[in-house]
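Descriptive structure summary
Read off the chains here:
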Amino acid sequence: MTCHVNFKGEKVVPVEEGQTLLQASLAAGIPHYHACGGKGQCTTCRVLVLEGEEQLTAPTIYERAIKNVKKFPDNVRLACQSFVKGESVVVHRLIRDETDRYIFIDSNEANTTTVMGERRKMALFFIDIRNFTPFIETNLPFDVIHIMRRIFALCRNAIARYDGEIIDTAGDGLYAVFGLNSKIRQAAESAVLAGLKILEDIKIFNNTYMRPYFNHTFEVGIGVHVGKVIVGNVGIGLSNNLTVMGYPVNIAARLQAATKELDNSFVISAIAYRLLKNPPYSVGCSYLNLKGVSNAYEVKLIGKPYEKKQAAAIQL
Ligand code: FES
(Lines give C-alpha, C1' and ligand atoms only; values in the text may rest on other atoms or scores of the structure.)
Protein backbone atom coordinates (compact mmCIF):
# COMPACT_ATOMS: atom_id res chain seq x y z
CA MET A 1 0.00 0.00 0.00
CA THR A 2 1.34 3.45 -0.89
CA CYS A 3 0.62 6.25 1.56
CA HIS A 4 1.27 9.94 1.09
CA VAL A 5 3.01 12.27 3.50
CA ASN A 6 2.90 16.00 3.23
CA PHE A 7 6.29 17.55 3.90
CA LYS A 8 4.93 20.97 4.76
CA GLY A 9 6.24 23.70 2.48
CA GLU A 10 8.07 21.16 0.30
CA LYS A 11 6.04 18.45 -1.40
CA VAL A 12 3.67 15.55 -0.91
CA VAL A 13 5.73 12.39 -1.00
CA PRO A 14 4.58 8.84 -1.78
CA VAL A 15 5.77 6.35 0.84
CA GLU A 16 5.89 2.71 -0.17
CA GLU A 17 5.32 -0.12 2.25
CA GLY A 18 8.56 -0.92 4.10
CA GLN A 19 10.03 2.46 3.27
CA THR A 20 10.98 4.83 6.07
CA LEU A 21 9.93 8.43 6.00
CA LEU A 22 13.54 9.36 5.33
CA GLN A 23 13.93 6.94 2.43
CA ALA A 24 10.73 8.26 0.88
CA SER A 25 11.71 11.91 1.22
CA LEU A 26 15.17 11.29 -0.23
CA ALA A 27 13.66 9.32 -3.12
CA ALA A 28 11.43 12.31 -3.80
CA GLY A 29 14.46 14.61 -3.98
CA ILE A 30 14.06 16.37 -0.64
CA PRO A 31 17.47 17.32 0.76
CA HIS A 32 16.77 15.51 4.00
CA TYR A 33 19.78 15.66 6.28
CA HIS A 34 20.78 12.21 7.62
CA ALA A 35 24.23 12.44 9.14
CA CYS A 36 24.44 8.85 10.46
CA GLY A 37 23.11 7.39 7.23
CA GLY A 38 19.70 6.53 8.63
CA LYS A 39 20.91 4.32 11.46
CA GLY A 40 19.14 6.05 14.32
CA GLN A 41 22.38 7.37 15.72
CA CYS A 42 22.04 11.11 15.27
CA THR A 43 19.18 13.60 15.37
CA THR A 44 19.55 15.28 12.00
CA CYS A 45 16.64 13.58 10.22
CA ARG A 46 14.11 14.61 12.84
CA VAL A 47 10.73 15.97 11.85
CA LEU A 48 7.95 17.68 13.71
CA VAL A 49 4.71 15.78 13.16
CA LEU A 50 1.99 18.37 12.60
CA GLU A 51 -0.81 15.91 11.83
CA GLY A 52 -1.41 12.16 11.82
CA GLU A 53 1.00 11.22 14.60
CA GLU A 54 -0.98 8.01 15.15
CA GLN A 55 -0.34 6.96 11.53
CA LEU A 56 3.38 6.51 12.24
CA THR A 57 4.85 3.34 13.71
CA ALA A 58 6.05 3.46 17.33
CA PRO A 59 9.62 4.66 17.91
CA THR A 60 12.26 1.96 17.52
CA ILE A 61 14.64 1.13 20.32
CA TYR A 62 17.25 3.48 18.77
CA GLU A 63 14.79 6.33 18.55
CA ARG A 64 13.62 5.80 22.12
CA ALA A 65 17.20 5.94 23.35
CA ILE A 66 17.84 9.22 21.56
CA LYS A 67 14.54 10.75 22.61
CA ASN A 68 15.31 9.89 26.22
CA VAL A 69 18.63 11.64 26.11
CA LYS A 70 17.48 14.63 24.08
CA LYS A 71 14.08 14.94 25.76
CA PHE A 72 12.29 15.40 22.45
CA PRO A 73 8.50 15.70 22.73
CA ASP A 74 6.36 12.85 21.35
CA ASN A 75 5.59 14.70 18.13
CA VAL A 76 9.24 14.98 17.17
CA ARG A 77 10.20 11.84 15.30
CA LEU A 78 13.31 10.48 13.61
CA ALA A 79 12.37 10.08 9.96
CA CYS A 80 14.77 7.19 9.47
CA GLN A 81 13.03 5.24 12.24
CA SER A 82 9.45 5.98 11.24
CA PHE A 83 7.24 3.97 8.91
CA VAL A 84 3.86 5.17 7.72
CA LYS A 85 0.66 3.19 8.32
CA GLY A 86 -1.94 5.49 6.75
CA GLU A 87 -2.82 8.80 5.11
CA SER A 88 -3.05 12.35 6.47
CA VAL A 89 0.43 12.64 7.88
CA VAL A 90 1.89 16.13 7.73
CA VAL A 91 5.45 16.74 8.87
CA HIS A 92 7.90 19.57 8.93
CA ARG A 93 11.62 18.93 8.67
CA LEU A 94 13.43 20.53 11.57
CA ILE A 95 16.99 20.69 10.29
CA ARG A 96 16.99 22.46 6.97
CA ASP A 97 19.56 24.36 5.08
CA GLU A 98 20.24 25.00 1.43
CA THR A 99 23.70 23.54 1.85
CA ASP A 100 22.09 20.16 2.60
CA ARG A 101 21.15 19.91 -1.03
CA TYR A 102 24.73 20.41 -2.14
CA ILE A 103 26.12 17.94 0.38
CA PHE A 104 23.62 15.13 0.26
CA ILE A 105 21.47 15.29 -2.79
CA ASP A 106 23.62 16.61 -5.61
CA SER A 107 26.68 14.63 -4.63
CA ASN A 108 27.98 12.41 -7.41
CA GLU A 109 29.42 10.01 -4.88
CA ALA A 110 27.79 6.64 -5.40
CA ASN A 111 28.95 5.04 -2.20
CA THR A 112 26.77 6.37 0.60
CA THR A 113 29.07 4.97 3.25
CA THR A 114 31.91 7.04 1.91
CA VAL A 115 29.77 10.15 1.75
CA MET A 116 28.02 9.74 5.09
CA GLY A 117 30.81 8.20 7.09
CA GLU A 118 31.04 4.89 8.82
CA ARG A 119 32.00 4.03 12.40
CA ARG A 120 34.96 1.76 12.75
CA LYS A 121 37.89 0.98 15.00
CA MET A 122 41.21 2.29 13.80
CA ALA A 123 44.71 3.09 14.97
CA LEU A 124 45.40 6.83 14.96
CA PHE A 125 48.93 8.05 14.41
CA PHE A 126 50.33 11.58 14.92
CA ILE A 127 53.90 12.63 14.25
CA ASP A 128 55.57 15.97 14.66
CA ILE A 129 59.08 17.03 13.69
CA ARG A 130 60.91 18.62 16.58
CA ASN A 131 63.38 21.49 16.43
CA PHE A 132 62.30 22.65 13.00
CA THR A 133 62.06 26.33 13.95
CA PRO A 134 65.79 26.77 14.70
CA PHE A 135 66.51 25.04 11.40
CA ILE A 136 64.20 27.43 9.52
CA GLU A 137 65.78 30.41 11.22
CA THR A 138 69.30 29.52 10.21
CA ASN A 139 68.81 28.09 6.73
CA LEU A 140 67.74 29.29 3.31
CA PRO A 141 64.08 28.79 2.41
CA PHE A 142 64.81 26.39 -0.46
CA ASP A 143 67.04 24.31 1.77
CA VAL A 144 64.25 24.17 4.34
CA ILE A 145 61.73 23.00 1.75
CA HIS A 146 64.15 20.43 0.40
CA ILE A 147 64.78 18.94 3.84
CA MET A 148 61.11 19.04 4.73
CA ARG A 149 60.32 17.05 1.60
CA ARG A 150 62.98 14.50 2.47
CA ILE A 151 61.57 13.99 5.94
CA PHE A 152 57.98 13.81 4.74
CA ALA A 153 58.97 11.31 2.05
CA LEU A 154 60.59 9.19 4.71
CA CYS A 155 57.44 9.27 6.84
CA ARG A 156 55.19 8.65 3.85
CA ASN A 157 57.19 5.59 2.80
CA ALA A 158 57.08 4.04 6.26
CA ILE A 159 53.35 4.69 6.63
CA ALA A 160 52.59 3.25 3.17
CA ARG A 161 54.78 0.21 3.84
CA TYR A 162 52.56 -0.72 6.78
CA ASP A 163 49.34 0.02 4.92
CA GLY A 164 48.60 3.31 6.64
CA GLU A 165 46.93 6.31 5.07
CA ILE A 166 47.95 9.92 5.60
CA ILE A 167 44.85 11.94 6.39
CA ASP A 168 46.29 15.37 6.98
CA THR A 169 49.52 17.32 7.12
CA ALA A 170 49.88 20.52 9.03
CA GLY A 171 53.02 22.57 9.53
CA ASP A 172 55.77 20.19 10.50
CA GLY A 173 53.60 17.23 11.39
CA LEU A 174 51.15 14.78 9.94
CA TYR A 175 48.26 12.58 10.92
CA ALA A 176 47.75 9.07 9.55
CA VAL A 177 45.44 6.14 10.23
CA PHE A 178 45.88 2.40 10.11
CA GLY A 179 43.06 -0.10 9.80
CA LEU A 180 41.26 0.88 6.61
CA ASN A 181 41.88 -2.64 5.34
CA SER A 182 42.58 -4.56 8.51
CA LYS A 183 41.28 -5.44 11.95
CA ILE A 184 42.19 -3.33 14.94
CA ARG A 185 44.95 -5.60 16.32
CA GLN A 186 46.75 -5.57 13.01
CA ALA A 187 46.14 -1.83 12.68
CA ALA A 188 47.76 -1.13 16.07
CA GLU A 189 50.68 -3.39 15.19
CA SER A 190 51.17 -1.61 11.85
CA ALA A 191 51.03 1.85 13.41
CA VAL A 192 53.74 0.90 15.88
CA LEU A 193 55.92 -0.71 13.22
CA ALA A 194 55.59 2.36 11.01
CA GLY A 195 56.51 4.61 13.94
CA LEU A 196 59.56 2.55 14.86
CA LYS A 197 60.65 2.50 11.23
CA ILE A 198 60.42 6.30 11.05
CA LEU A 199 62.48 6.66 14.24
CA GLU A 200 65.13 4.40 12.76
CA ASP A 201 65.13 6.15 9.37
CA ILE A 202 65.37 9.59 10.97
CA LYS A 203 68.40 8.42 12.88
CA ILE A 204 70.08 7.27 9.66
CA PHE A 205 69.07 10.48 7.88
CA ASN A 206 70.59 12.55 10.69
CA ASN A 207 73.86 10.64 10.61
CA THR A 208 74.33 10.39 6.87
CA TYR A 209 72.83 13.65 5.64
CA MET A 210 71.78 16.23 8.17
CA ARG A 211 74.82 16.23 10.40
CA PRO A 212 77.45 16.27 7.61
CA TYR A 213 75.65 18.70 5.28
CA PHE A 214 73.61 20.92 7.55
CA ASN A 215 75.11 20.51 10.99
CA HIS A 216 71.67 19.89 12.38
CA THR A 217 69.69 16.87 13.51
CA PHE A 218 65.99 16.29 13.79
CA GLU A 219 63.93 14.42 16.30
CA VAL A 220 60.28 13.52 16.12
CA GLY A 221 57.43 12.90 18.51
CA ILE A 222 54.92 10.15 17.78
CA GLY A 223 51.58 9.45 19.46
CA VAL A 224 49.43 6.38 18.79
CA HIS A 225 45.98 5.51 20.09
CA VAL A 226 43.13 3.26 18.97
CA GLY A 227 39.40 3.80 19.04
CA LYS A 228 36.09 4.07 17.25
CA VAL A 229 36.07 6.88 14.74
CA ILE A 230 33.95 8.11 11.87
CA VAL A 231 35.55 7.37 8.53
CA GLY A 232 34.32 8.85 5.30
CA ASN A 233 34.18 11.76 3.01
CA VAL A 234 32.28 14.15 5.18
CA GLY A 235 32.90 17.03 2.83
CA ILE A 236 35.20 18.99 5.09
CA GLY A 237 38.11 20.82 3.54
CA LEU A 238 38.85 21.94 0.05
CA SER A 239 39.32 18.54 -1.51
CA ASN A 240 36.98 15.61 -1.15
CA ASN A 241 39.45 13.44 0.64
CA LEU A 242 38.99 10.83 3.28
CA THR A 243 38.31 12.19 6.72
CA VAL A 244 38.72 10.29 9.98
CA MET A 245 37.41 12.02 13.04
CA GLY A 246 36.26 11.37 16.57
CA TYR A 247 37.36 11.76 20.15
CA PRO A 248 40.10 9.07 19.93
CA VAL A 249 41.76 11.22 17.25
CA ASN A 250 42.04 14.07 19.76
CA ILE A 251 43.57 11.70 22.30
CA ALA A 252 46.17 10.47 19.78
CA ALA A 253 47.09 14.09 19.00
CA ARG A 254 47.40 14.80 22.72
CA LEU A 255 49.68 11.78 23.18
CA GLN A 256 51.91 13.11 20.44
CA ALA A 257 52.04 16.50 22.14
CA ALA A 258 52.91 14.75 25.42
CA THR A 259 56.11 13.26 23.99
CA LYS A 260 57.85 16.48 24.96
CA GLU A 261 56.74 16.58 28.59
CA LEU A 262 57.34 12.83 28.98
CA ASP A 263 60.74 13.13 27.26
CA ASN A 264 60.14 10.17 25.03
CA SER A 265 59.83 10.13 21.24
CA PHE A 266 57.03 7.55 21.03
CA VAL A 267 54.03 7.55 23.34
CA ILE A 268 51.27 4.98 22.91
CA SER A 269 48.11 4.56 24.94
CA ALA A 270 48.08 1.48 27.16
CA ILE A 271 44.87 0.40 25.40
CA ALA A 272 46.66 0.28 22.05
CA TYR A 273 49.76 -1.28 23.58
CA ARG A 274 47.74 -4.18 24.98
CA LEU A 275 46.56 -5.04 21.46
CA LEU A 276 50.08 -5.67 20.20
CA LYS A 277 51.13 -9.22 19.44
CA ASN A 278 54.81 -8.31 19.72
CA PRO A 279 54.90 -5.26 21.94
CA PRO A 280 58.20 -3.36 21.77
CA TYR A 281 60.11 -2.77 24.98
CA SER A 282 58.53 0.00 26.99
CA VAL A 283 60.90 2.07 29.13
CA GLY A 284 58.02 2.86 31.41
CA CYS A 285 54.47 3.90 31.74
CA SER A 286 53.01 7.19 32.75
CA TYR A 287 49.65 8.80 33.44
CA LEU A 288 48.39 11.82 31.58
CA ASN A 289 45.56 14.10 32.48
CA LEU A 290 43.52 14.78 29.39
CA LYS A 291 40.94 17.50 29.01
CA GLY A 292 37.45 16.10 29.48
CA VAL A 293 38.67 12.74 30.85
CA SER A 294 38.19 12.34 34.57
CA ASN A 295 40.75 9.60 35.20
CA ALA A 296 44.41 9.94 34.30
CA TYR A 297 45.19 8.20 31.02
CA GLU A 298 47.70 5.37 31.09
CA VAL A 299 50.38 5.50 28.40
CA LYS A 300 53.48 3.49 27.51
CA LEU A 301 56.77 5.01 26.45
CA ILE A 302 58.28 3.00 23.61
CA GLY A 303 60.64 5.55 22.06
CA LYS A 304 63.85 7.14 23.28
CA PRO A 305 64.50 10.12 25.51
CA TYR A 306 65.33 13.25 23.52
CA GLU A 307 68.97 14.12 23.02
CA LYS A 308 70.34 16.99 24.99
CA LYS A 309 71.57 19.45 22.36
CA GLN A 310 75.30 20.04 22.25
CA ALA A 311 76.77 23.38 21.23
CA ALA A 312 76.67 23.53 17.45
CA ALA A 313 79.87 22.69 15.59
CA ILE A 314 81.04 25.00 12.85
CA GLN A 315 79.54 24.08 9.50
CA LEU A 316 81.74 24.05 6.43
S1 FES B 1 19.61 9.84 10.02
FE2 FES B 1 20.57 9.74 11.90
S3 FES B 1 18.95 9.27 13.19
FE4 FES B 1 18.00 9.38 11.30
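It should be emphasised that the depicted structure is a prediction, and the values quoted were computed from it without experimental measurement.

**Quick look at the overall build of the protein chain**
In terms of helices and strands, the protein chain carries nine helices and 13 strands. Expressed as a percentage of its 316 residues, the buried residues of the protein chain come to 46%. When contacts within the protein chain are restricted to residue pairs at least 6 apart in sequence, long-range pairs at least 24 apart make up 67% of them. When the accessible surface of the protein chain is summed, it comes to about 17,000 Å², and 53% of that surface belongs to carbon and sulfur atoms.

**Overview of the packing of aromatic side chains**
Tallied over the entire structure, the rule returns nine aromatic pairs. Ring geometry for Phe-132 against Phe-135: centres 5.9 Å apart, planes inclined by 70°, an arrangement best described as edge-to-face. Of this pair, Phe-132 and Phe-135 both sit in helix 5 (residues 132-138), three residues apart, which is roughly one turn of that helix. The class for Phe-135 is buried, based on a relative accessible area of 0%. A ring pair is formed by Phe-132 and Phe-218, whose centres lie 5.1 Å apart and whose planes are at 20°; its orientation type is stacked. Residue Phe-132 is located in helix 5, and its partner Phe-218 is located in the loop between helix 7 (184-214) and strand 9 (220-232); the two are separated by 86 residues in the primary sequence. Counting every residue linked through ring pairs, the aromatic cluster contains Phe-132, Phe-135, Phe-205, Tyr-209, Tyr-213, Phe-214 and Phe-218. Directly above the aromatic system of Tyr-209 lies the positively charged group of Arg-150, at a separation of 4.3 Å from the ring centroid.

**Side note on the layout of surface pockets**
In this structure, the largest pocket occupies an estimated 490 Å³ of space. Along its surface, the largest pocket is lined by 22 residues, and Leu-199, Glu-200, Lys-203, Ser-265 and Lys-304 are the ones closest to its centre. For the lining of the largest pocket, the element with the most residues is helix 7, which contributes eight residues. A class-by-class count of the residues in the lining of the largest pocket yields 11 nonpolar, five polar and six charged.

**Some words on helix 6 (residues 141-161)**
The end-to-end C-alpha distance of helix 6 is 30 Å, a good match for the 30 Å that 21 residues give at a rise of 1.5 Å each. Looking at helix 6, one finds that the buried residues are Val-144, Ile-147, Met-148, Ile-151, Phe-152, Leu-154, Cys-155, Ala-158 and Ile-159. One side of helix 6 holds all its buried residues, which, seen down the axis, span an arc of 150°. Within helix 6, the exposed residues directed more than 90 degrees away from the buried face are Phe-142, Arg-149, Asn-157, Ala-160 and Arg-161. The inward-facing, buried residues of helix 6 contact strand 6 (118-129), helix 5, strand 7 (164-170), strand 8 (173-178) and helix 7. Asp-163 sits one or two positions beyond helix 6 and adopts a positive phi of about 65°.

**Quick notes on empty space enclosed by the protein**
Applying the stated criterion to the full structure yields one cavity of 30 Å³ or more. Looking at the largest cavity, its volume works out to about 30 Å³. Taken together, Ile-127, Asp-128, Ile-129, Phe-152, Cys-155, Asp-172, Gly-173 and Leu-174 make up the full set of residues lining the largest cavity. Of all the secondary structure elements, the ones that give two or more residues to the lining of the largest cavity are strand 6, helix 6 and strand 8. Ranked by the residues each element gives to the lining of the largest cavity, the list is headed by strand 6, at three residues. Broken down by class, the residue content of the lining of the largest cavity amounts to five nonpolar, one polar and two charged.

**A few points about the environment of Leu-21**
Within the secondary structure, Leu-21 sits in helix 1 (residues 21-27). For Leu-21, a relative accessible area of 0% gives the class buried. Not counting residues up to four positions away in its chain, the partners in contact with Leu-21 are Val-5, Phe-7, Val-15, Val-47, Ala-79, Ser-82, Val-84 and Val-91.

**Examining the pattern of salt bridges**
Counted according to the given criterion, the structure contains seven salt bridges. The partner of Arg-93 in a salt bridge is Glu-10, and the shortest N-O contact between them spans 2.7 Å. Here the residue Arg-93 occupies a position in strand 5 (residues 89-93), and Glu-10 occupies one in the loop between strand 1 (3-7) and strand 2 (11-15), the gap between them amounting to 83 residues. According to the relative accessible area criterion, Arg-93 is buried, its value standing at 4%. With its nearest N and O atoms 2.7 Å apart, the salt bridge here joins Glu-63 to Arg-77. On the criterion of sequence distance, the pair formed by Glu-63 in helix 2 (residues 61-70) and Arg-77 in strand 4 (residues 76-78) is long-range, its members being 14 residues apart. Each member of the pair, Glu-63 as well as Arg-77, carries the same accessibility label: buried.

**A closer look at the nonpolar core**
Membership of the largest hydrophobic core comes to 43 residues, with the highest contact counts inside it found for Phe-125, Ile-147, Ile-151, Phe-178 and Ile-198. If you list the elements that add at least two residues to this core, you get strand 6, helix 5, helix 6, strand 8, helix 7, strand 9, strand 11 (266-269) and helix 9 (270-273). The element that contributes the greatest number of residues to this core is helix 7, accounting for 13 residues. Discounting chain neighbours no more than four positions away, the residues touching Ile-147 are Phe-135, Phe-205, Tyr-209, Met-210, Phe-214 and Phe-218.

What counts, and where the lines are drawn
Residues numbered from 1 in each chain as written. Predicted model: local features only at pLDDT ≥ 70, side-chain atom pairs only at ≥ 80, totals over all residues. Heavy atoms only, no water. Helix = DSSP H or I, 4+ residues; strand = E, 2+ residues; numbered from the N terminus. Buried < 20%, exposed > 50% of the residue type's maximum accessible area, 1.4 Å probe, protein only. Contact = heavy atoms within 4.5 Å. Areas by Shrake-Rupley, 256 points an atom, 1.4 Å probe, with all protein chains shown as cover. Phe/Tyr/Trp six-rings, centres within 6.5 Å; stacked < 30°, edge-to-face > 60°. Lys NZ or Arg CZ within 6 Å of the ring centre and 35° of its normal. 1 Å grid on protein atoms, 1.4 Å probe; cavity = no way out; pocket = protein on both sides within 12 Å on 5 of 7 lines; lining within 4 Å. Points joined across faces, edges and corners; volume = space filled by probe spheres on them. Nonpolar A, V, L, I, M, F, W, Y, C, P; charged D, E, K, R; others polar. Expected span 1.5 Å × (residues − 1). Arc of directions from axis to C-beta. Salt bridge = Lys/Arg side-chain N within 4 Å of Asp/Glu carboxyl O. Core = buried A, V, L, I, M, F, W, Y, C linked by side-chain atoms within 4.5 Å.

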